[in-house]
Amino acid sequence: MARLDDSPTSDRSSSLYERIYQVVKQIPVGRVATYGQVAAIAGLPGYARQVGYALYRVAPEAEIPWQRVVNARGMVSRSPLRYGSDDLQQELLKQEGIEFKVNGAIDLGVYGWNP
């Protein structure tokens, strides 16, 4: 698989990120999608990690509902580089009515987005 350039100054990266953001903006309140699902819908099958890179660059207060994208297990992907936004993501999802299981997972059968 070819590596996508994710450097901030890359025109290709900017275009790819915009495709990803357009998909994420479609996820309705109270629903979640996985990184892989967003990648596939954006025409980037196999590039779930790229979706993560794109969403990492989104400010928490941006109009892109970044919080609605979770990993394939239905969980918030935790990272020490996110400086607490992992907890913010979970809180925002709870505010949208999404319930978490005891293990921290979301039931994708109930809350998963199916465009």
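Since the structure is predicted, the reported quantities are computational estimates derived from the model, not experimental observations.

What counts, and where the lines are drawn
Residues numbered from 1 in each chain as written. Predicted model: local features only at pLDDT ≥ 70, side-chain atom pairs only at ≥ 80, totals over all residues. Heavy atoms only, no water. Helix = DSSP H or I, 4+ residues; strand = E, 2+ residues; numbered from the N terminus. Buried < 20%, exposed > 50% of the residue type's maximum accessible area, 1.4 Å probe, protein only. Contact = heavy atoms within 4.5 Å. Areas by Shrake-Rupley, 256 points an atom, 1.4 Å probe, with all protein chains shown as cover. Core = buried A, V, L, I, M, F, W, Y, C linked by side-chain atoms within 4.5 Å. pLDDT = per-residue confidence, 0-100. Arc of directions from axis to C-beta.

Turning our attention to the overall build of the protein. Along the backbone of the protein there are five helices and two strands. Tracing the protein from N to C terminus, the helices and strands come up as α-β-α-α-β-α-α. Within the span of the protein, comprising 115 residues, buried residues form 44% of the whole. Taking all contacts inside the protein whose residues are at least 6 apart in sequence as the whole, residues at least 24 apart take part in 62%. For the protein, the exposed surface amounts to about 6,700 Å²; the carbon and sulfur share of it is 52%.

Let us now look at the nonpolar core. Grouped together as the largest cluster of nonpolar side chains are 22 residues, with contacts concentrated most on Ile 20, Tyr 21, Val 24, Val 38, Val 51, Leu 55 and Val 69. Looking at this core, the elements that each hand over two or more residues are α1 (11–24), α2 (35–41) and α3 (48–56). For this core, the element with the highest residue contribution is α1, accounting for six residues. Excluding residues that lie within four positions of it along the chain, Val 38 makes contacts with Ile 20, Val 23, Val 24, Ile 27, Ala 33, Val 51 and Val 69.

Before going further, it helps to examine the confidence of the model for the protein. For the protein, per-residue confidence averages 87 on the pLDDT scale, and residues scoring 70 or more make up 83% of the total. Scored below 50 in pLDDT, residues 1–9 makes 17 contacts in the model with residues more than four places away or belonging to other chains.

Glancing now at α3. Restricting attention to buried positions, one finds in α3 the residues Gln 50, Val 51, Ala 54 and Leu 55. The arc that holds the buried residues of α3, viewed along the axis, is 135°, so those residues lie on one side.

Here the focus is the environment of Arg 68. Within the secondary structure, Arg 68 sits in the loop between α3 and β2 (69–70). Under the relative-accessibility criterion, Arg 68 is labelled buried at 10%. Taking the C-alpha atoms as reference points, Arg 68 and Leu 92, separated by 24 residues in sequence, lie 8.8 Å from one another. In this structure, Arg 68 is in contact with Ile 27, Pro 28, Val 29, Arg 31, Val 32, Ala 33, Leu 93 and Glu 96, ignoring residues within four places of it in sequence.

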